[in-house]
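Structural features, examined
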Amino acid sequence: MSLLDDPALFGRQWAATYDHPGNPDPEPAADFLAGLAGAGPALELAIGSGRVALPLTRRGVAVEGIEASQDMIDLLRAKPGGADLPVVVGDMADVAVDGPYPLVYLVFNTLFNLTGEGRQEDCFRNVARVLAPGGAFVVEAYVPDPADMDREEQQVQIRDVTEESVTIRLHRYDRQAQTFVRQTVTFTDGGVRLQPFGMHYRWPDQIDALAAQAGLRLEARYASWDRAPFGPDSRDHISVYRKP
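In short, a report on the structure. (Residues numbered from 1 in each chain as written. Predicted model: local features only at pLDDT ≥ 70, side-chain atom pairs only at ≥ 80, totals over all residues. Heavy atoms only, no water.)

**With respect to unusual backbone geometry**
The amide bond that connects Gly40 to the next residue, Pro41, takes the cis arrangement and shows omega of 0 degrees. Topologically, Pro41 is positioned in the loop between helix H2 (27-37) and strand E1 (42-45). Cis geometry is adopted by the peptide bond preceding Pro100, which originates at Gly99 and carries an omega value of 0 degrees. Relative to the helices and strands, Pro100 resides in the loop between strand E3 (87-89) and strand E4 (101-106). (Helix = DSSP H or I, 4+ residues; strand = E, 2+ residues; numbered from the N terminus.)

Here is the structure:
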């Protein structure tokens, strides 16, 4: 199995830098999700280091999680309140819990990290299984832009240059499959380090189709967590799907 298809290996690779500065502010997401959680509990798929889950618990919402990487869970457990969150170790697409949950959510483009054949479909189907009647599944993802793909394919990006090392980044897109592989390569006098990353991206209407196949309906779509209207120029979307 390649790194891109193994979420545990993926988490091990990125855990060391996952909470570095520059990540999005989780507070607007926690505000948004708290309004949908009701009495809870909420379920976060790929809970990671608790970036969103912990602020959500501070709003009085009980949160449970699924996470494939023990390294990520260790980061969560080391944070205040992190030791109290129930977390199942497993692949988020399997949703290996019973529910029912009034809210399940998946943020930071993580849906696209499911690159294996049919795994995004599995995720939606299993979320529908554990949602309570009337429950919400919230997905945050970017809107793919073909122009970005052209720019990234036509250049080698220089990420860092020091006296001890050089780091560059390259992309390879498969537009028919809607996948890409990104390789971040660091050269030092001690050798070469590779950090592969990949996604299976989808446009919003394609995600709607995944939801519909699982018996969920789109209730609302926003351009940001503060409920800005979604439009043709929006680069991200927050989509709320309901179980009848």
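**A closer look at the pattern of salt bridges**
Counting across every chain of the model gives eleven salt bridges. Between Asp122 and Arg119 there is a salt bridge, and its shortest N-O distance comes to 2.8 Å. Within this pair, Asp122 and its partner Arg119 are both found in helix H5 (residues 119-130), separated by three residues, close to a single helical turn. The buried category is assigned to Asp122, whose relative accessible area is 17%. (Salt bridge = Lys/Arg side-chain N within 4 Å of Asp/Glu carboxyl O. Buried < 20%, exposed > 50% of the residue type's maximum accessible area, 1.4 Å probe, protein only.)

**Considerations on a nonpolar patch on the surface**
Together, Ile158, Val161, Val166, Phe187, Val192 and Leu194 give the surface a local cluster of nonpolar side chains, amounting to about 560 Å² of exposed area. Within the residue set of the nonpolar patch, elements represented by two or more residues are strand E6 (157-161) and strand E9 (191-200). Relative to the helices and strands, Phe187 resides in strand E8 (residues 179-188). According to the relative accessible area criterion, Phe187 is partly exposed, its value standing at 39%. (Patch = residues over 30% accessible without salt bridge, like charges linked within 9 Å, V, L, I, M, F, W, Y side chains within 5 Å. Areas by Shrake-Rupley, 256 points an atom, 1.4 Å probe, with all protein chains shown as cover.)

**Considering the packing of aromatic side chains**
Evaluated as defined, the whole model comprises nine aromatic pairs. Where Tyr173 meets Phe180, the ring centres are 5.2 Å apart and the plane angle is 45 degrees; that geometry is what we call tilted. Considered together, Tyr173 and Phe180 belong to a single accessibility category, that of buried residues. Both rings, one in Phe180 and one in Phe197, keep their centres 6.3 Å apart while their planes meet at 45 degrees; by these two values the pair is tilted. Residue Phe180 is found in strand E8, and its partner Phe197 is found in strand E9; the two are separated by 17 residues along the sequence. With respect to class, Phe180 is no different from Phe197; both count as buried. Among the aromatic side chains, those forming a connected cluster through ring pairs are Tyr173, Phe180, Phe197, Tyr201 and Trp203. (Phe/Tyr/Trp six-rings, centres within 6.5 Å; stacked < 30°, edge-to-face > 60°.)

**Focus: the pairing of E4**
Most of E4 sits inside the fold, with five of its six residues counted as buried. Bridge count for E1 against E4 is three bridges, and the pairing is parallel. Its bridge partner being in E4, Leu43 is matched across the sheet by Val104. The pairing of E4 with strand E5 (residues 131-142) spans five bridges and is classified as parallel. In the strand pairing of E5, Leu103 is matched with Ala136. Chirality of the crossover, the property in question, places the unit of E4, H5 and E5 among those that are right-handed. (Pairing = 2+ DSSP bridges. Right-handed = clockwise from strand over helix to strand, strands pointing away.)

**Focus: the packing of H5 against helix H7 (residues 204-213)**
Contact pair H5 / H7: the axes reach a minimum separation of 8 Å and the direction vectors enclose 50 degrees. When the interaxial angle is binned, H5 and H7 end up oblique. Considering only the axes of H5 and H7, their crossing is right-handed. Contacts between H5 and H7 involve Gln120, Glu121 and Phe124 from the former and Ile207, Leu210, Ala211 and Gln213 from the latter. Here the residues of the contact of H5 with H7 sort into four nonpolar, two polar and one charged. (Axes fitted to C-alpha atoms, helices over the stretch in contact; angles between N-to-C directions. Parallel < 35°, antiparallel > 145°, perpendicular 65-115°, else oblique. Left-handed = near helix turned anticlockwise from the far one by under 90°. Contact = heavy atoms within 4.5 Å. Nonpolar A, V, L, I, M, F, W, Y, C, P; charged D, E, K, R; others polar.)

**Re the sheet that holds strand E10 (residues 217-222)**
A sheet is described by the order of its strands in space; here seven strands give the open sequence E3-E2-E1-E4-E5-E11-E10, paired in mixed fashion. Of all strands in the sheet, those bounded by a partner on one side alone are E3 and E10. The mean inter-strand angle of the sheet, taken between neighbouring strand axes irrespective of direction, is 20 degrees. Sheet contacts for H5: E1, E4, E5 and strand E11 (236-242); angle to E5, the most-contacted strand, approximately 145 degrees.

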